[in-house]
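Structural overview for review
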Amino acid sequence: MLNFSMSEGEVFHEKQRLELCAIHALNNVLQERVFTKETADDICKRLAPQCVVNPHRSVLGTGNYDVNVIMAALQSRELAAVWWDKRRTVQSLCMSKVQGFILNVPSRVSLGIVYLPLRRRHWLAVRQVNGQYYNLDSKLKSPVCIGGEAELRTFLSEQLSQDVAEMLLVVRRDVEEDGSWLNADNAKK
């Protein structure tokens with residue numbers, strides 16, 4: 001396992017390249033460069049070994065990886081992705097048990113400075129570093145500080161209010177298994 005240390009105030013942030021937002025979101029949520037296009041392509045081959053055209057990435061081979069690749073990548077790090085049911089309120093999240101968030105949101109498509117009337121899907125990461133939560137979207141020039149837990153809940157609620165937005169909680173496997181990512185008063189026993 002790679003070790004990565006950060007000096008006070010330093011936040012790891014990979015910027016967008018090709019259609020590799022899933023890889024950037026994984027690395028940003030882990031706060032180190034763990035995954036590459038090659039490791040993601042290997043995961044795709046493992047998930048669909050018999051497929052000539054792999055269903056888990058772009059036909060062009062430029063990325064655009066799906067949720068299965070993200071989940072398999074996290075499992076390789078002894079982590080799990082828990083799909084967030086948007087019918088729940090983010091107030092029911094036990095933030096201390098969540099290592100980070102990976103969101104899938106609609107994103108505008110541009111050609112240079114011209115925006116096209118198209119929407120694509122985009123993966124982005126959010127996580128706490130040095131006591132503050134950061135939006136680590138690879139399309140941003142640098143990480144954007146969201147603030148504390150209250151501000152994070154507001155940010156997540158705003159993101160999830162978009163019709164097609166989805167969220168994965170990044171948690172340790174034991175947290176996934178015991179459901180402790182959910183506050184006890186909201187858990188279904």
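Residues numbered from 1 in each chain as written. Predicted model: local features only at pLDDT ≥ 70, side-chain atom pairs only at ≥ 80, totals over all residues. Heavy atoms only, no water.

1. A look at the overall build of the chain
In terms of regular secondary structure, the chain is built from five helices and six strands. Per-residue burial for the chain yields a buried fraction of 48% across its 189 residues. Put simply, 61% of the contacts in the chain that link residues at least 6 apart link residues at least 24 apart. Approximately 10600 Å² of the chain is accessible, and the part contributed by carbon and sulfur atoms is 51%. (Helix = DSSP H or I, 4+ residues; strand = E, 2+ residues; numbered from the N terminus. Buried < 20%, exposed > 50% of the residue type's maximum accessible area, 1.4 Å probe, protein only. Contact = heavy atoms within 4.5 Å. Areas by Shrake-Rupley, 256 points an atom, 1.4 Å probe, with all protein chains shown as cover.)

2. Let's talk about the pairing of strand S6 (residues 166-172)
In terms of burial, S6 is largely enclosed, as five of its seven residues are buried. Sheet analysis places strand S1 (residues 79-83) next to S6, joined by five bridges and oriented antiparallel. When the bridges of S6 are listed, Val82 appears paired with Leu169. (Pairing = 2+ DSSP bridges.)

3. Thoughts on the UniProt feature "active site" (unreviewed entry) in the chain
As recorded in UniProt, the feature "active site" (unreviewed entry) lies at Cys21, His122 and Asp137. Spatially, the listed residues are clustered: although they cover 117 residues, their C-alpha atoms lie within 9.1 Å of one another. One can find Cys21 in helix H1 (residues 21-30). The buried category is assigned to Cys21, whose relative accessible area is 6%. Not counting the four nearest positions on each side in its chain, Cys21 is found in contact with Gln16, His122, Trp123 and Ser138. Its relative accessible area of 12% is what places Asp137 among the buried residues. Every residue in contact with Asp137, bar those within four places of it in the chain, is listed here: His13, His122, Leu124 and Ala125. (UniProt positions renumbered as here; feature names shortened; annotations may be inferred.)

4. Structural notes on the pattern of salt bridges
The tally for this structure, following the rule as stated, stands at six salt bridges. One salt bridge connects Arg87 with Asp85, and the closest N-O pair in it is separated by 2.6 Å. Here Arg87 falls in the exposed class, since its relative accessible area comes to 74%. A salt bridge links Arg153 to Glu149; the shortest N-O distance between them is 3.0 Å. With a gap of four residues between them, Arg153 and Glu149 both fall in helix H4 (residues 149-160), about one helical turn apart. Taking relative accessible area as the criterion, Arg153 reaches 9% and is therefore assigned buried. (Salt bridge = Lys/Arg side-chain N within 4 Å of Asp/Glu carboxyl O.)

5. Describing the environment of Ile102
Counting through the fold element by element, Ile102 comes out in strand S2 (residues 100-111). Separated by 32 residues in sequence, Ile102 and Ile70 place their C-alpha atoms 9.2 Å apart.

6. Observations regarding the confidence of the model for the chain
Per-residue confidence for the chain averages 81 on the pLDDT scale, and 77% of its residues sit at or above 70. The least confident element of the chain, judged by mean pLDDT, is strand S3 (residues 114-129) at 75; the most confident is strand S4 (residues 132-135) at 96. Scored below 50 in pLDDT, residues 1-8 makes 13 contacts in the model with residues more than four places away or belonging to other chains. (pLDDT = per-residue confidence, 0-100.)

7. What to know about the environment of Glu32
Along the chain, the position of Glu32 falls in the loop between H1 and helix H2 (37-47). A residue is classified by how much of its surface remains accessible, and Glu32, at 9% relative accessible area, is buried. In this structure, the C-alpha to C-alpha distance between Glu32 and Phe12, residues 20 residues apart in sequence, is 6.4 Å. At 3.3 Å, the side chain of Glu32 forms a polar contact with the side chain of Arg77. (Polar contact = N/O pair within 3.5 Å; in protein donor to acceptor, adjacent residues only side chain to side chain.)

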